[in-house]
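Survey of secondary and tertiary structure
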Amino acid sequence: MIAQKKRMILLLIFGLAIWLKTYIVYKSSFDLPMENLLQEIILILNPISSILLLIAVSTMFKGKLQKYGLLIIDLVATIILYANVVYYRFFSDFITIPVLFQTNNMGDLGGSIFELIQWQDIFLFIDIPILAYLVSTKFTNKLIVRKKETMLIFASALVMFAINIGLAEMERPQLLTRTFDREMLVKNIGTFNYHIYDSVMQTKTRAKRAFADSSEITEVENYIRGNNVPVNPNFTAKAKGKNVFVISLESTQNFVINNKVDGKEITPFLNDLIDQKGTYYFNNFYHQTGQGKTSDSEFIVDNSMYGLPSGAAFFTHAQNEYNATPEIIKEKGGYSSYVFHANNKSFWNRDIMYQTLGYDKYYSLKYFTTNKENSIGWGLKDDQFYAQSMKYLTTLPEPFYAKFITLTNHFPFTLKQEDEMIPEWTSDDGTVNRYFTTVRYEDEALKKFFNMLKEKGMYKDSMFIIYGDHYGISENHNEAMGKYLGKEVTPMVSAQLQKVPFIVHIPGDEGNKTIDTVSGQVDVQPTLLNLLGIKSNNLQFGNDMFSKQKKDFAVFRDGSVITDQYIYTEDKCYQSKDGTEAPKEKCAPYVEKGKNDLMYSDKIIYGDLLRFYNN
Ligand code: GP9
Ligand code: MN
């Protein structure tokens, strides 16, 4: 009995030591802002499950070996922690396995590694000599854990993990499937579990990549070439050499355009822009994003490929070879590329993915001054975001490609009272009510941005591409949306609600047109390249949206398909002009094309096939 107690106490003491170390590291070495008590509780609890798991593993050794097992796991856990501490001091980010093997990242670290080590770090290792001493004495020889106890420790690890995930889900719904942010993962499931998760994801990715071979790219290329149509030559080089502003409007759907709520215009600035010379507005343009939300829209727009059926390609396939817009226009047009977005740089793995896509610099959260007064919801208010971006923007070498990702119009659509340009709507659904008001604010902020650019003389030599990244109002709000639209939100209407605005504005150009060709985010890259007069051989699933031969076609990530005549969704075929159901054969060829598009795009990503393709 006594021996049993003692051995449990020993395990407990060292378990506690690792736990304490981890928490101290969280607090002293990482910057993990806590927004509420639940987050703090999760942070305190999150190392427990993995520590119990490690302890359970250490007790699986036979006899005396068990005590060495304990020493080894303490060492391993400490090394993992410390490696993250050192890495974080340089990169302000957590280690992810592929990055560890990426020579340029480690090369950056190489020279400065000694500067990153501090004398206080020694405290992190303080328990190890103590444990080593204890292990070397005879006293610990008898401290052997039996199978039954090992099982018990395993079981408690599982229970703790379940509790942890439960709490994390409360705090961050769909954390593991959707929100791929290393900081959030570490905050919610802990460093050790994060590394386990990262390893599993990486192994899956690597296995799929390993089985791919160079012949597959030929099949994909043949398919794509069969679907590509010639560009509209009247639009070729219309914006040659101009700076390009790509503005991603958070959660902005097309139904707000040229529309009112309680008699008030929702997007007066955009409506006005649409009527101006040099503007081409696409009123049948669809987002094609999946779980990767904003990051999917970026992926699709920059690559003319689709996002993945689950997870975010930004996170799972950031090590792939791509032929993204920044790379192409750098090589063929001398452009440099930038992203402005006032969020944590590791959100959606952007810091890594932007390097892969060829961006020269990412102006992330740390480049902006944020405080209570200038932030709301997800962070810096849009007007502040634009205003603070100006000082960076004016220093960029020209021509540039600058992507601005707005944030204020993000669920839960909150605003400070002084920013409410129109009152909230008055249905029973608060989310929908607030949405109109935040979109109105977003529109005003954009207007201010245009004015700032005009003041700085940056407007004339630029081209603007403005689009909505994905829906903001989900199907959970069909009732209120039905009330607003004055018609029931059927599956077909729901599919049509996936329209997002797409506006090309070229100052100095005389044209002005609303184009109703059905298109999607995948068509942006070919359209943009043609406007810049840049010819590229890269594989594009989309086509120039101005092209007379462009087919009216968009496929969603769930396989729904839109054409000018038919809409296929939830396994039914509808006639778009009156919403009546049509025989499935009518939709079949488009559904087939949609499936193939998605299948071939997935094939490229899973197999990392572009590494075999010479652009
Ligand atoms: C976060 C912003 C919003 O950086 O892009 O992300 P979302 O939830 O829309 O994907
Ligand atoms: Mn978004």
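Definitions and cut-offs
Residues numbered from 1 in each chain as written. Chains lettered and ligands numbered in written order. Predicted model: local features only at pLDDT ≥ 70, side-chain atom pairs only at ≥ 80, totals over all residues. Heavy atoms only, no water. Helix = DSSP H or I, 4+ residues; strand = E, 2+ residues; numbered from the N terminus. Rg over C-alpha atoms; globule rule 2.2 N^0.38 Å. Buried < 20%, exposed > 50% of the residue type's maximum accessible area, 1.4 Å probe, protein only. Contact = heavy atoms within 4.5 Å. Areas by Shrake-Rupley, 256 points an atom, 1.4 Å probe, with all protein chains shown as cover. Lys, Arg positive; Asp, Glu negative; His and termini not counted. Charge placed at Lys NZ, Arg CZ, Asp CG, Glu CD. Donors = N, O, S within 2.8 Å, 3.2 Å for Na, K, Ca; no water. Tetrahedral: all angles 85-135°; square planar, octahedral: opposite > 155°, others 65-115°. Domains from an automatic or database assignment. Buried area = accessible area lost by both parts, 1.4 Å probe. Salt bridge = Lys/Arg side-chain N within 4 Å of Asp/Glu carboxyl O. Polar contact = N/O pair within 3.5 Å; in protein donor to acceptor, adjacent residues only side chain to side chain. 1 Å grid on protein atoms, 1.4 Å probe; cavity = no way out; pocket = protein on both sides within 12 Å on 5 of 7 lines; lining within 4 Å. Points joined across faces, edges and corners; volume = space filled by probe spheres on them. Nonpolar A, V, L, I, M, F, W, Y, C, P; charged D, E, K, R; others polar. Pairing = 2+ DSSP bridges. Axes fitted to C-alpha atoms, helices over the stretch in contact; angles between N-to-C directions. Near = heavy atom within 4 Å. Phe/Tyr/Trp six-rings, centres within 6.5 Å; stacked < 30°, edge-to-face > 60°.

**Quick look at the overall build of the protein**
- Of the regular secondary structure elements, the protein holds 21 helices and 19 strands.
- By the compact-globule yardstick of 25 Å for 615 residues, the protein fits well, its C-alpha radius of gyration being 27 Å.
- Principal-axis analysis of the C-alpha atoms places the extent of the protein at approximately 90 × 60 × 50 Å.
- When the 615 residues of the protein are sorted by exposure, 58% land in the buried category.
- Taking all contacts inside the protein whose residues are at least 6 apart in sequence as the whole, residues at least 24 apart take part in 76%.
- Taken as a whole, the protein presents about 26,500 Å² of accessible surface, with 57% of it coming from carbon and sulfur.
- Between the mean site of the 65 positive side-chain charges and the mean site of the 68 negative ones, the protein shows a separation of 7 Å.

**Let's talk about the coordination of the manganese ion (ligand 2)**
- For the manganese ion (ligand 2), the protein coordination sphere consists of Glu250 (OE), Glu250 (OE), Thr294 (OG1), Asp469 (OD) and His470 (NE2), at 2.1 to 2.4 Å.
- Coordination at the manganese ion (ligand 2) is irregular: its six donor atoms span angles of 56 to 167° at the metal.
- Motif for the manganese ion (ligand 2), donor spacing along one chain: E-x43-T-x174-D-H. Of this pair, Thr294 sits in helix α12 (residues 293–303) while His470 sits in the loop between β11 (462–468) and α18 (478–485), placing them 176 residues apart in sequence. There is no split in this pair, since Thr294 and His470 are both buried.

**Quick look at helix α15 (residues 350–357)**
- The buried fraction of α15 is high, at seven of eight residues.
- Along α15, the positions that sit buried rather than exposed are Arg350, Asp351, Ile352, Met353, Tyr354, Thr356 and Leu357.
- Phi turns positive one or two residues past the end of α15, at Gly358, with a value near 95°.

**Focus: the domain arrangement of the protein**
- We note that the domain assignment places domain 1 (2–209) and domain 2 (234–555) within the protein.
- If you average the C-alpha positions of domain 1 and of domain 2, the two centres end up 40 Å apart.
- On the domain 2 side, the residues contacting the 19 residues of domain 1 number 18 residues.
- Each partner contributes to the roughly 1,700 Å² buried at the junction of domain 1 and domain 2, and carbon and sulfur atoms together form 49% of this total.
- Counting every contact that joins domain 1 to domain 2 gives one salt bridge.
- Residue Arg182 is joined to Asp351 by a salt bridge in which the shortest nitrogen-to-oxygen separation is 3.2 Å.
- Along the contact surface separating domain 1 from domain 2 lie six residue pairs in polar contact (both at pLDDT 80 or more).
- Breaking the side of domain 1 that touches domain 2 down by element, the ones donating at least two residues are α4 (97–100), α8 (182–189) and α9 (191–210).
- Ranked by residue count, the leading element in the side of domain 1 that touches domain 2 is α8, at four residues.

**Things to note about empty space enclosed by the protein**
- Under the criterion given, the structure shown has seven cavities of 30 Å³ or more.
- Taken as a whole, the largest cavity spans an internal volume of roughly 100 Å³.
- For the lining of the largest cavity, the per-class residue count stands at five nonpolar, six polar and four charged.

**Here's the deal with α18**
- Of the positions making up α18, those classed as buried are Ala480, Met481, Gly482 and Tyr484.
- Contact partners of the buried residues in α18: β2 (260–261) and α17 (430–455).
- The first or second residue beyond α18 is Gly486, which carries a positive phi of 75°.

**Some words on the environment of Ala402**
- For Ala402, the position within the fold is in strand β10 (residues 400–405).
- The exposure class assigned to Ala402 is buried, which follows from its relative accessible area of 0%.
- Between the C-alpha atom of Ala402 and that of Ser336, which follows or precedes it by 66 residues, the distance is 8.5 Å.
- Sequence-distant contacts of Ala402, that is, excluding residues within four places in its chain, are made with Val244, Phe245, Val246, Tyr338, Phe340 and Leu393.

**Considering the sheet that holds strand β12 (residues 502–505)**
- The strand order across the open sheet built from eight strands is β7-β6-β10-β1-β11-β12-β4-β13, with neighbouring strands paired in mixed fashion. Of all the strands in the sheet, just β7 (361–363) and β13 (512–515) have a single pairing partner and so form its edges. Taking the axes of each pair of neighbouring strands and ignoring which way they run, one obtains an average angle of 15° across the sheet.
- Of the strand pairs in this sheet, strand β1 (residues 243–249) and β10 are connected by five bridges, and their pairing is parallel. If you follow Val244 over to β10, its bridge partner there is Tyr401.
- α17 rests against β1, β10, β11 and β12 of the sheet, and its axis sits at about 165° to β1.

**Notes on the site of ligand 1**
- Close contacts around ligand 1 come from 13 residues, with Thr294, His341, Asn343, Arg350 and His410 the closest.
- Burial of ligand 1 by the protein amounts to 100% of the accessible area it has alone, namely 300 Å².
- Broken down by class, the residue content of the shell around ligand 1 amounts to four nonpolar, five polar and four charged.

**Here we look at the packing of aromatic side chains**
- Tallied over the entire structure, the rule returns 52 aromatic pairs.
- With a centroid separation of 6.3 Å and an interplanar angle of 80°, the aromatic rings of Phe255 and Phe436 are classed as edge-to-face. Here the residue Phe255 occupies a position in the loop between β1 and β2, and Phe436 occupies one in helix α17, the gap between them amounting to 181 residues.
- Given a relative accessible area of 11%, Phe255 falls into the buried group.

**Topic: unusual backbone geometry**
- In this structure, the amide linkage connecting Glu398 to the following residue, Pro399, adopts the cis form with an omega of -5°.
- Non-glycine residue Asn258 carries a positive phi angle of around 50°.
- Checked against the element boundaries, Asn258 lands in the loop between β1 and β2.
- Here Phe413, not a glycine, exhibits a phi torsion of approximately 55°, which is positive.
- Here Phe413 is to be found in the loop between β10 and α17.

**A short note on the pattern of salt bridges**
- Taken as a whole, this structure holds 24 salt bridges when the rule is applied.
- Across the pair Arg182 and Asp93 runs a salt bridge whose closest N-O atoms are separated by 3.0 Å. Of the two residues, Arg182 is situated in helix α8 and Asp93 in the loop between α3 (65–91) and α4; the sequence distance between them amounts to 89 residues.
- Note that Asp443 and Arg440 form a salt bridge whose closest N and O atoms lie 3.8 Å from each other. Of this pair, Asp443 and Arg440 both sit in helix α17, three residues apart, which is roughly one turn of the helix. You'll find Asp443 and Arg440 in the same group, each marked buried.

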